[in-house]
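# Coordinates in review
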Amino acid sequence: MSVAKQLYQLQEVDLELEANEQALRQIASQLGESQAVVKARTKLASENQRLEELKRQQHSLEWEIDDLVNKLAPAQERLYGGSIKNPKELTNLQHEVEGLKSKRDQLEDKALEVMEQVELTEASVATISNDSKRLEAEWQSQQQQLSSNMEELKTTLSDLQHKREALSTSIDPETIEFYDKLKKQKGTAAAKVEQGICRGCRISLSAAELQQARGGNLVQCSNCGRILFLA
Ligand SMILES: [Zn+2]
């Protein structure tokens, strides 16, 4: 096999290695905590906290209403019981009962509002909780898929590295060094020749160049400098 062909094969392995390494880097960047999942968890925690606060408010209002009702009942009993005859005392008592009633009505309105908010917040907690669970499940299955892709890629990379080593042993080290340097400069070091054209730069080669390349010698394209490989 000509050195040009060997180098061309080496380059094919190198290009495949590069593509796989890039895919591996991409996967590595996708592994880890998901922003969407973190955001959903935070939102759920804050909505739960709001719900607890509303329920505390609801209970405290219920106690206050109970307290008022307990005060109102004996006051009403005294007012309508007929035991109090003094008009001034009766008027005062009437004011007291009215005051308690109005306070109770206010608190009951407030309690109703809070109850509505509790119901709305409970519904919102349920929705966010479902969203969060769904996102987490999606994220987990995505992570598993990524991990398994990563393992496959690592195996492929290791195979390719072995292939490169095997190819390299039959090429002399100086030639490999030259190839590596050229590839670093140009992205590709070896170029196929098709219909008399260098595929590296798409320039027609001279008859002399073609003949030299055909002879199996290491010939560089006079235009782009790549090693010419005649298939
Ligand atoms: Zn060229």
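This text goes with the structure placed above it.
Below or above, wherever it landed, is the structure these notes cover.

Parameters and conventions
Residues numbered from 1 in each chain as written. Predicted model: local features only at pLDDT ≥ 70, side-chain atom pairs only at ≥ 80, totals over all residues. Heavy atoms only, no water. Helix = DSSP H or I, 4+ residues; strand = E, 2+ residues; numbered from the N terminus. Expected span 1.5 Å × (residues − 1). Polar contact = N/O pair within 3.5 Å; in protein donor to acceptor, adjacent residues only side chain to side chain. Pairing = 2+ DSSP bridges. Contact = heavy atoms within 4.5 Å. Axes fitted to C-alpha atoms, helices over the stretch in contact; angles between N-to-C directions. Donors = N, O, S within 2.8 Å, 3.2 Å for Na, K, Ca; no water. Tetrahedral: all angles 85-135°; square planar, octahedral: opposite > 155°, others 65-115°.

This next bit is on helix α3 (residues 87-169). Compared with an ideal rise of 1.5 Å per residue, which puts 83 residues at 123 Å, α3 spans 119 Å between its outermost C-alpha atoms and is within 8% of the ideal. Here α3 starts with a cap whose side-chain oxygen sits 2.9 Å from the backbone nitrogen of lysine 88, and that cap is asparagine 86.

On to the sheet that holds strand β1 (residues 190-194). Spatially, β3-β2-β1-β4 is the arrangement adopted by the four strands of the open sheet, whose pairing is mixed. In the strand order of this sheet, the two ends are held by β3 (203-204) and β4 (227-230), each with one partner. In terms of strand pairing, β1 meets strand β2 (residues 197-198) through two bridges, oriented antiparallel. Directly across from valine 193, in β2, lies its bridge partner cysteine 198. Along the sheet, helix α1 (residues 3-30) contacts β1 and β4; its crossing angle with β4, the most-contacted strand, is approximately 100°.

Attention now goes to the coordination of the zinc ion. Within the first shell, the zinc ion binds the protein through Cys198 (SG), Cys201 (SG), Cys221 (SG) and Cys224 (SG), at distances of 2.3 to 2.4 Å. Coordination at the zinc ion comes from four donor atoms whose angles at the metal span 104 to 113°, giving a geometry best classed as tetrahedral.

Among the secondary structure elements, serine 132 is positioned in helix α3. When sequence neighbours within four positions are dropped, the list of residues in contact with serine 132 reads Ala40 and Arg41.

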